[in-house]
Amino acid sequence: MHVAPPSNQPLVSVIMPAFDAQDTIIEALVSVREGGIGSDDLQIVVVDDGSTTPLRDVLARSPEAAGVELITLPFNHGVATAGNVALRQAKGRYVARMDADDISLPGRLARQIAFLEARPDLAFCGTQAQLFGEADGWGRDGKVPTSKQSCIAALPIMCPFYNPSVVFHRARCGSSLFYDPGMMTSDDYELWVRLFENGKLGENLDWAGIKYRIHPDQMTSRLRAKFVVDDVRIKARALAKILQDDGGLEHLAIAVVLALQTGMRKKLGYRSAIRDLLQRAMAMPEYRAEWSITRDTLLRNFAAVQAEQSVSTTNLVAELVLWFGRMTADARAGAERTVHFQPGG
């Protein structure tokens, strides 16, 4: 049942950091207004992060920008800082993240809010994405995991949410809802891991809620070396957390398979990064012996799994999960038998 927010509080605040987005921001704003939320329940906060062409004049000339709250920063601070400025201004019970060069598809805000209303176990949710624009070499396809279990499993190997597709339940996220200004390119990925660390879980709805623009000038493309460093650090942190949780080995099984999926990850050396993490990771004390067997078996069979294989290789995924599950169950029962794993397609 929908509960109306207090009259002085909008239902949802859309926060939109923007830098040099004068050619795309109006289209983004129009799309947000088509999200299925009435104007009285919608707050839009734009933070102009030191654009070379200030957005104030662009918004002033556009009737579509009526009612938008604009904050102008005197110089470029970075998307994480701009996002935090917008969060401090946001008053909604829900907060939706949106980029100034993307397009929100009709009705998505209302659908995501209804989903979160029905799922008190979740702090946020995202959606799939339709990609458009210029190829950038990352090999993305707009698909992300859906259930919270698969999102957790994916955290050590990929960013499982499209940032501009996410809607947060503000109270459920609590003090975890802020971006790390030290992350120039991976601020959203770090946020997902931190929310997970604090027990704030999310899912992705299995439909496209945004059109996500791809272009070579995106931060992750311009600062690729910095991105890879931050990216691997976050993956190591997520994996370390998962290995300390009950059921972590099952999650890691799925994560390793995801690590081997696409040419993009192969090109960036994700295989060697995951191999290194496997070699250095330690499980909880009660899983130490089985983890040693698990790790050694994975490393021996690592080269046999082709990067071109995908999650559609159902037998491989299922076998890994079942194998890890059996080992965990055996360890708890005190059994002394070895379950042998043979990679399959």
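Only a predicted model underlies this, so the values are computations on that prediction, with no experimental measurement involved. (Residues numbered from 1 in each chain as written. Predicted model: local features only at pLDDT ≥ 70, side-chain atom pairs only at ≥ 80, totals over all residues. Heavy atoms only, no water.)

Here the focus is the packing of aromatic side chains. Following the criterion strictly, the structure yields 6 aromatic pairs and no others. Taken together, a centroid distance of 6.0 Å and an interplanar angle of 40° make the contact between F124 and F168 tilted. Taken as a pair, F124 in strand β6 (residues 124-133) and F168 in strand β7 (residues 167-169) lie far apart in primary sequence, 44 residues in all. Each of the two residues, F124 as well as F168, counts as buried. Here the aromatic cluster, defined as three or more aromatic residues joined through ring pairs, consists of F124, F161, F168 and W192. Across from the ring centre of W207, 3.8 Å away, lies the NZ or CZ of R111, which sits over that ring. Positioned above the aromatic ring of F178, the side-chain terminus of R194 is 4.0 Å from the ring centre. (Phe/Tyr/Trp six-rings, centres within 6.5 Å; stacked < 30°, edge-to-face > 60°. Helix = DSSP H or I, 4+ residues; strand = E, 2+ residues; numbered from the N terminus. Buried < 20%, exposed > 50% of the residue type's maximum accessible area, 1.4 Å probe, protein only. Lys NZ or Arg CZ within 6 Å of the ring centre and 35° of its normal.)

Right, let's talk about unusual backbone geometry for a bit. Although it is not a glycine, D20 sits at a positive phi angle of roughly 50°. Here D20 lies in the loop between β1 (12-18) and α1 (25-33).

Take α1 next. Those residues of α1 that fall on the buried side of the exposure criterion are I25, I26, A28, L29, S31 and V32. Each element contacted by the buried residues of α1 is listed here: β1, β2 (42-49), α2 (55-60), β5 (103-104) and α4 (108-118). (Contact = heavy atoms within 4.5 Å.)

Per-residue confidence for the protein chain averages 75 on the pLDDT scale, and 60% of its residues sit at or above 70. Note on residues 1-6: pLDDT under 50 across the span, and 8 contacts to partners over four residues away in sequence or across chains. Scored below 50 in pLDDT, residues 220-225 makes 13 contacts in the model with residues more than four places away or belonging to other chains. (pLDDT = per-residue confidence, 0-100.)

Strand order across the open sheet formed by 8 strands is β3-β2-β1-β4-β7-β6-β8-β5, with mixed pairing between neighbours. Unpaired on one side and paired on the other, β3 (69-73) and β5 mark the two borders of the sheet. Bridge analysis of β6 against β7 gives 2 bridges, and the strand direction is antiparallel. In the strand pairing of β7, C125 is matched with V167. Contacts from α1 reach β1, β2, β5 and β8 (202-214) within the one sheet, and its direction differs from that of β2 by about 160°. (Pairing = 2+ DSSP bridges. Axes fitted to C-alpha atoms, helices over the stretch in contact; angles between N-to-C directions.)

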